[in-house]
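# Architecture and fold: a report
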Amino acid sequence: MGLRINQAISVNRALFNMQLNSRRLNTTREHLATGYRINRPSDDPTAFMRMMPVRNNMKEVQLFQENASIARDILHTASSSFEDAVELMSRAKEIAVQGANGTLGDGDRKTLAATASQLLGEMLTLANGKLGDRFLFGGSANSVPPFSLDGSRVTYLGDDNEVSIQVAPNTEMNITSSGQRLFFSRGRDATTLEGATGAKAGSGTDSGTGLHKLTLEHTGISNLPAGLSQTGGSTTTALGDLAWAITPGATDTISIAGGPEVSIPPGSTEIEVQVGLGPHTIQLDVSAAYATPGTTSGTLTSEGRASWDGGESWTALDYSQENLQIKHAGTGAVLNLDARGITQTGNEQVTFGGTFDAFNVLMALRDTLENEDGANADDVSKRLTSLVGEIDVVFNQMLEGLREMGARGSQLDLTKDRMSRMELTLEESLSRDRDIDLSEVILRMSQQDTAYQTALAVGGRVMGQSLLDYL
């Protein structure tokens, strides 16, 4: 017996065909709207399992590219700031060369000193530069500006650690730099003293840096001849162990270190004795009770003290010392002084060769141009000429740091390009399983829409029939 097709079966079949064609059409419309063939695991479980690791790799590469963009912004800002700092050092050299011109007057040099002081302020501003809330040259420290100007020295408050960020698989890039290395890079050459006191650099290892002023002062006289004493408001300028000789006579005379004989008149209260052939002198008080001493020759000591921290601390002079250590109260640095040749009070310019940095070389330039010690024009020119060499050393050190930052930037660009190519490769791999063929989908949607419309029409006719149509 054959299958009997009744009205219910026809209606259900028509409804099934309409729903089937509707689902197919809606799926195709979804593909066309999203551009993807697979929008959920059920669309193609096998292809979806292939896509999952590729998607994860895509997210990782995109994160690397975001990190690279952050690193590029920070590195570009740091490089630009440091390039400006190198330009400031080049300007400092121009000022030093201009100041060394022997035809300039004190007023001209003071104007240049003001410019050097301005350069120092700009250098400090650049060194404390930041992007967002992060300092560019403080290493990993970020709580305070990395450089602080305290009187006559700049202190580094950052650290030598560098913050890194991952920009590719197994590849990290430093995004901050140590200001200690970039701005404070130093070596050490010989220490030199320039002045008329007779002090020289010792043979020990110094730890001071840059340019400083050493001050020698008279503090008293010991081992004086009988009947003589130091005057109360002494203006003695001679220092050292000095031989003296008294020549008895109607009026006794005294000479020191082979200098001219000076009368010691009875009742005199003060005499000035020239030491040797030099201009330095010793002031002595002659008491009313003076009488020719039994010993008419001997050695007295004009005692003194030394300081190179602006008078914060003093060290007593020992004229037998080849390496008299004088400490700086502020930094603890040591200057080794050969005190054996000291002859008089005064100031010495101390240059710790090879130890200049981006800050103290500008301070040295400023102070040399201001010439507060009153050095003559020739000496100032010589000091500035010598300082040009130190500026060149600092400039080359900073230039090397700039090259390193440039190389880091180039490496970052190469890595970023590599990640972009990797992202494109992953996108192509993902597209093979995920993306639609647009022309194929449009054609299929047209066919499915026709089939759906046909199913609707047939279903309408089937469901519109009744028993009356067959009577």
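For the structure given in this document, a descriptive report is provided here. A quick note: this is a predicted structure, and the numbers were derived from the prediction, not measured.

### Digging into the overall build of the chain
Helix and strand content of the chain: seven helices and 20 strands. For the chain, the proportion of its 471 residues judged to be buried stands at 40%. Summarising the internal contacts of the chain: among those between residues at least 6 apart in sequence, 65% fall at separations of at least 24. Looking at the chain as shown, the accessible area adds up to about 24200 Å², and 50% of this sits on carbon and sulfur atoms.

### Here's the deal with the environment of aspartate 417
The residue aspartate 417 is located in helix 6 (residues 377–434) in this model. Taking relative accessible area as the criterion, aspartate 417 reaches 43% and is therefore assigned partly exposed. As for aspartate 417 and glutamine 65, which are separated by 352 residues in sequence, their C-alpha atoms are 9.1 Å apart.

### A few points about the sheet that holds strand 19 (residues 334–338)
Sheets are built from strands paired through backbone hydrogen bonds, the pairs being either parallel or antiparallel. A sheet is described by the order of its strands in space; here three strands give the open sequence 8-19-18, paired in antiparallel fashion. Lying at the two open borders of the sheet, with one neighbouring strand each, are strand 8 (200–201) and strand 18 (324–327). As defined by bridge partners, strand 18 adjoins strand 19 across four bridges and the pair is classed as antiparallel. When the bridges of strand 19 are listed, glutamine 325 appears paired with asparagine 336.

### A short note on the nonpolar core
The biggest cluster of nonpolar side chains holds 56 residues, and the ones touching the most others in it are Phe82, Met89, Met123, Phe147, Phe183, Phe359 and Met398. For this core, the secondary structure elements donating two or more residues are helix 2 (45–99), helix 3 (106–127), strand 4 (153–156), strand 5 (164–168), helix 4 (179–183), helix 5 (360–370) and helix 6. When residues in this core are grouped by element, the largest group, 13 residues, is from helix 2. Not counting chain neighbours up to four residues away, the residues in contact with phenylalanine 147 comprise Leu124, Ala127, Asn128, Phe137, Val154, Thr155, Tyr156, Gly179, Phe183, Phe184 and Phe359.

### Some remarks on the sheet that holds strand 15 (residues 281–286)
Overall, antiparallel pairing links the three strands, which are arranged 10-15-14 in an open sheet. Both edges of this open sheet fall to strand 10 (228–230) and strand 14 (271–274), since each of them pairs with a single strand only. Geometrically, the sheet is characterised by an average inter-axis angle of 45 degrees between neighbouring strands, direction not taken into account. As paired strands, strand 14 and strand 15 are joined by four bridges and run antiparallel to one another. For glutamine 274, the partnering residue across the bridge sits in strand 15 and is threonine 281.

### Details of the side chain of asparagine 128
By the secondary structure assignment, asparagine 128 is in the loop between helix 3 and strand 1 (130–131). Taking relative accessible area as the criterion, asparagine 128 reaches 18% and is therefore assigned buried. Engagement of the side chain of asparagine 128 in a polar contact is seen with the backbone nitrogen of phenylalanine 147, the distance being 2.9 Å. Non-local contacts of asparagine 128, meaning those with residues more than four positions away in its chain, are made with Phe135, Pro145, Pro146 and Phe147.

### Some details on the packing of helix 3 against helix 5
Two elements in contact, helix 3 and helix 5, have axes separated by 8 Å at closest approach and are oriented at 165 degrees. When the axes of helix 3 and helix 5 are compared, the pair comes out roughly antiparallel. As for the relative orientation of helix 3 and helix 5, their crossing is left-handed in sense. Where helix 3 abuts helix 5, its residues Arg109, Lys110, Leu112, Ala113, Ala116, Ser117, Leu119, Leu120 and Met123 lie against Leu362, Met363, Leu365, Arg366, Leu369 and Glu370. Of the residues that constitute the contact of helix 3 with helix 5, the class distribution is 10 nonpolar, one polar and four charged.

### Some remarks on the packing of aromatic side chains
Evaluated as defined, the whole model comprises 11 aromatic pairs. Note on phenylalanine 147 and tyrosine 156: the rings are 5.1 Å apart at their centroids and 50 degrees apart in plane angle, and the pair reads as tilted. Classification of tyrosine 156 by relative accessible area gives buried; the value is 13%. Linked through ring pairs, Phe82, Phe137, Phe147, Tyr156, Phe183, Phe184 and Phe359 together constitute an aromatic cluster. Here the guanidinium or amino end of lysine 130 rests over the ring plane of phenylalanine 135, the centre of that ring lying 4.5 Å away.

### Re unusual backbone geometry
With a phi angle near 65 degrees, asparagine 223 is a residue other than glycine that sits in the positive phi range. Here alanine 257, not a glycine, exhibits a phi torsion of approximately 55 degrees, which is positive. Residue placement: alanine 257 occurs in the loop between strand 12 (253–256) and strand 13 (262–263). A residue is classified by how much of its surface remains accessible, and alanine 257, at 36% relative accessible area, is partly exposed.

How each quantity is defined
- Residues numbered from 1 in each chain as written.
- Predicted model: local features only at pLDDT ≥ 70, side-chain atom pairs only at ≥ 80, totals over all residues.
- Heavy atoms only, no water.
- Helix = DSSP H or I, 4+ residues; strand = E, 2+ residues; numbered from the N terminus.
- Buried < 20%, exposed > 50% of the residue type's maximum accessible area, 1.4 Å probe, protein only.
- Contact = heavy atoms within 4.5 Å.
- Areas by Shrake-Rupley, 256 points an atom, 1.4 Å probe, with all protein chains shown as cover.
- Pairing = 2+ DSSP bridges.
- Core = buried A, V, L, I, M, F, W, Y, C linked by side-chain atoms within 4.5 Å.
- Axes fitted to C-alpha atoms, helices over the stretch in contact; angles between N-to-C directions.
- Polar contact = N/O pair within 3.5 Å; in protein donor to acceptor, adjacent residues only side chain to side chain.
- Parallel < 35°, antiparallel > 145°, perpendicular 65-115°, else oblique.
- Left-handed = near helix turned anticlockwise from the far one by under 90°.
- Nonpolar A, V, L, I, M, F, W, Y, C, P; charged D, E, K, R; others polar.
- Phe/Tyr/Trp six-rings, centres within 6.5 Å; stacked < 30°, edge-to-face > 60°.
- Lys NZ or Arg CZ within 6 Å of the ring centre and 35° of its normal.

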